[in-house]
Amino acid sequence: MIKPIKRYIFPKTVILLVFVLSLTLFQSFSQKTEVFSFQDFQEIILKNHPVIKQANLYIDDAKAEMMQARGQFDPKLSTNFDRKALDGKDYYNRFESTLKVPIYSGIEIKGGYEQNNGTRLRSDESASLIFSGVSVPLGQGLLIDARRNTLLQARLLNNIAQAERQKIINKFIFSAAKDYWEWYLSYQTLRLNEESYQMAQDRFKLLSERAKIGEIAAIDSVEAAITVQDRQVILEQSRLEFRNGALAISNYLWNKSEQPLELDANFIPQTINPMAIERQKVDDILKNLEQNHPEIAKIILKQKQLQIEEKFRIEMLKPKFDVNFNLLRVPAGYQKEGSVASGFLLNNHKFGVNFEMPILLRKERGKLQSVRIKQLQTNFEKDIVGRELRIAVESAYNEVVNLAKQIEFQIIANANQEKLLAAERQKFLIGESTLFLINSRETKLIDMKTKLESLKSKYEKAIATLQYSGAVQF
């Protein structure tokens, strides 16, 4: 027969309970831990992670593209030598060296030197000739040409690269934030399960001592032992999840030498103090979404590129009409007798005109139409992405507000549950309750505390989602 629990507390039992609880608290406080805050975690990622360094290469690539575009306006030096000899006769030796300097306006300045000799030179070829001239496009290429089109679009590449870099960084930090707050939840769950296990173990020791001195039957400690074993299984699972969470965090940790790091075992996540977010901040996010968000910034820059391309394609509908003019001069040592030694004069020149125009212009009109279709597609894309981002910001804000309320309610509910548990323990000590009710109250409280920490973790994830959707940091 099970003996009823007496309605008073034995001094020996009280002394044992106080000793066990004191030992537990000493062990918990003696373990040295160090808080690894999310801000420190984020700073390490931004400084050392290869993904961030890889994203930074977009800027260098844009600079290289810009250099290539500017290279089309570099001065160009060319030299040509042509010789023919047949049957022992020196037909001709032609040497020409030319320097061409393109100017941004489409004009090309050039100058050079010719030296020719042989028995079969053309009648218009001089033995030696210095020339300088200019080529001006008066039709196609006057307002914009292929070189200027490439350069103007390349100037936008740096901004596009900045937007793409920021997009990658934002996405990566968002992923890291979710893993960090999952690690936080696994740590808090482990802490609560350790607390739950320790309470069950302390109670089992207490009941075992009481069974030894005959206060209760030995069978009464069996239920307490089962509770210890059950909570130990739960504790081991939470330890596994915490270790795996730490490994997930370690995946983001690298040193300056690009060597992967592993999170120290004594590191724990920071605590969470949910703070209300003012609606005005969200309104500001929505107001500045086009300026701040890399997705929309890329689309706007793409629109600007297409505007430049459209201008170029319209220019290509014009006929080519290039005018070339060169001043000529024969060096003094090569002048014929009776000629006047002088510099470049208008009566010594070479002039030419080049005109070209396709009859149907189908190629040019087709390319212009293709550019305008892409412009319409880009406009639609901007509207769609902008709408999706606005909805994402609003949804994230709604979730933040809702979770803040849930956390507030859960804190009150936890406090009430702690009162119930305290009352149930008091009733148990005077013999008016059962071990089953104590276990039920404790399990319920641990579940409610775990739910509170889960809500806090979700709250921080919602904050991260809001920041990622609006491309801002609070």
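Just so it is clear, the structure is predicted and the values come from calculations on it, not from any experiment.

Right, let's talk about the sheet that holds strand E4 (residues 108-117) for a bit. Overall, antiparallel pairing links the six strands, which are arranged E2-E3-E4-E5-E7-E8 in an open sheet. For this open sheet the edge positions go to strand E2 (76-86) and strand E8 (349-356), each flanked by a neighbour on one side alone. With direction set aside, neighbouring strand axes in the sheet form an average angle of 15°. Examined bridge by bridge, strand E3 (residues 89-102) and E4 share ten bridges and lie antiparallel to one another. Bridge pairing in E4 links Pro102 to Glu108.

The final tally for this structure, using the stated rule, is 17 aromatic pairs. Their ring planes at 70° and their centres at 6.5 Å tell us that Phe321 and Phe355 sit as a pair that is edge-to-face. Of this pair, Phe321 sits in strand E7 (residues 320-329) while Phe355 sits in strand E8; the two residues are 34 residues apart in sequence, bridging distant segments of the chain. Residue classification places Phe321 among the partly exposed positions, given a relative accessible area of 31%. According to the relative accessible area criterion, Phe355 is exposed, its value standing at 54%. Across from the ring centre of Tyr92, 3.9 Å away, lies the NZ or CZ of Arg94, which sits over that ring. The ring of Phe73 is capped by Arg147, whose NZ or CZ atom sits 5.5 Å from the centre of that ring.

Moving on, we get to helix H10 (residues 435-470). Along its 36 residues, H10 runs 52 Å from first to last C-alpha, staying within 8% of the 52 Å computed at 1.5 Å per residue. After H10 finishes, the residue Ala471 shows a positive phi value of roughly 55°.

Within the fold, Glu424 resides in helix H9 (residues 362-429). Exposure remark for Glu424: the relative accessible area of 5% places this residue in the buried category. Among all residues touching Glu424, those that are not within four sequence positions of it are Ser433, Leu437, Ile438 and Arg441.

Here we take up the side chain of Glu442. Structurally, the position occupied by Glu442 is in helix H10. By relative accessible area, which is 1% here, Glu442 ends up buried.

Below, the discussion takes up helix H6 (residues 279-287). Burial in H6 covers these residues: Val282, Ile285 and Leu286. The arc enclosing the buried residues of H6, seen along the axis, measures out at 95°, which places them on a common side. In this fold, the buried residues of H6 make contact with helix H7 (289-292), H9 and H10.

We now examine unusual backbone geometry. One non-glycine residue, Glu258, lies in positive phi territory at about 65°. You can see Glu258 is positioned in the loop between helix H5 (220-250) and strand E6 (267-269). Not every positive phi belongs to a glycine, and Leu361 is a case in point at roughly 55°. Along the chain, Leu361 turns up in the loop between E8 and H9. You can call Leu361 buried: its relative accessible area is 14%.

Charged atoms that come close allow side chains of opposite charge to pair. As enumerated under the stated definition, the model contains 21 salt bridges in all. Of the charged contacts, one joins Lys167 and Glu295 as a salt bridge, the two residues approaching to 3.0 Å between their closest N and O atoms. Of this pair, Lys167 sits in helix H4 (residues 146-212) while Glu295 sits in helix H8 (residues 294-315), placing them 128 residues apart in sequence. Its relative accessible area of 25% is what places Glu295 among the partly exposed residues. The closest approach of N and O atoms between Lys461 and Glu182, which form a salt bridge, is 2.1 Å. Here Lys461, found in helix H10, pairs with Glu182, found in helix H4; they are 279 residues apart in sequence, far enough to count as distant. Exposure remark for Glu182: the relative accessible area of 37% places this residue in the partly exposed category. Three or more residues joined by partner-sharing salt bridges are found here, namely Arg203, Arg231, Arg425 and Glu442.

What counts as what
Residues numbered from 1 in each chain as written. Predicted model: local features only at pLDDT ≥ 70, side-chain atom pairs only at ≥ 80, totals over all residues. Heavy atoms only, no water. Pairing = 2+ DSSP bridges. Helix = DSSP H or I, 4+ residues; strand = E, 2+ residues; numbered from the N terminus. Axes fitted to C-alpha atoms, helices over the stretch in contact; angles between N-to-C directions. Phe/Tyr/Trp six-rings, centres within 6.5 Å; stacked < 30°, edge-to-face > 60°. Buried < 20%, exposed > 50% of the residue type's maximum accessible area, 1.4 Å probe, protein only. Lys NZ or Arg CZ within 6 Å of the ring centre and 35° of its normal. Expected span 1.5 Å × (residues − 1). Contact = heavy atoms within 4.5 Å. Arc of directions from axis to C-beta. Salt bridge = Lys/Arg side-chain N within 4 Å of Asp/Glu carboxyl O.

Interpretation in functional terms is not warranted from these geometric data alone.
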